[in-house]
Amino acid sequence: QVQLVESGGGLVQPGGSLRLSCAASGNTFSINAMGWDRQAPGKGRELVATISKSGSTYYADSVKGRFSISGDNAKNTVYLQMNSLKPEDTAVYYCHAVSMTGFNSWGQGTQVSVSS
């Protein structure tokens, strides 16, 4: 099993930046991809970005050109650099990991608030 711990959320003004981190522990050798989802108040969960073990990335249209996902395999950590933040980016951001067998693990979530 994989355990995930997120950090780096907070309050930022529109146009500002934040970097989220997600540290994985446990059966990290089984991880095939990691990514970030978010859930805004009253809305469903949205896939934001993913990165595969080989380094392939995916971004939701709503964050393309503003967010960047990266990983450090040695530290079993994935990062989400968020630039040009907008109020509509306000949400709880969840890290997730997908194993080679398709099993999903989730972190506890970290709050990102964008407001002036």
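Residues numbered from 1 in each chain as written. Predicted model: local features only at pLDDT ≥ 70, side-chain atom pairs only at ≥ 80, totals over all residues. Heavy atoms only, no water.

Asks: I'd like a rundown of the state of the cysteines, residues and numbers included.
Replies: Simply put, the disulfide is a covalent bond whose two ends are the sulfur atoms of two cysteines. Throughout the structure, instances matching the rule amount to one disulfide. Covalently, C22 is tied to C95 through a disulfide, its sulfur atoms 2.1 Å apart. Around the S-S axis, the bridge from C22 to C95 shows a dihedral of about -80° and counts as left-handed. One end of the pair, C22, is in strand β3 (residues 18-26); the other, C95, is in strand β9 (residues 91-99), and 73 residues separate them in sequence. Of the two residues examined, C22 and C95, each falls in the buried class. (Disulfide = S-S within 2.5 Å. Helix = DSSP H or I, 4+ residues; strand = E, 2+ residues; numbered from the N terminus. Buried < 20%, exposed > 50% of the residue type's maximum accessible area, 1.4 Å probe, protein only.)

Asks: Can you explain the pattern of salt bridges? Please cite residues and give values.
Replies: Under the counting rule described, the total for this entry stands at four salt bridges. Put simply, R66 and D89 hold a salt bridge, and the shortest N to O gap is 2.7 Å. Here the residue R66 occupies a position in the loop between β6 (57-59) and β7 (67-72), and D89 occupies one in the loop between β8 (77-82) and β9, the gap between them amounting to 23 residues. The exposure class assigned to R66 is buried, which follows from its relative accessible area of 11%. Residue classification places D89 among the buried positions, given a relative accessible area of 0%. (Salt bridge = Lys/Arg side-chain N within 4 Å of Asp/Glu carboxyl O.)

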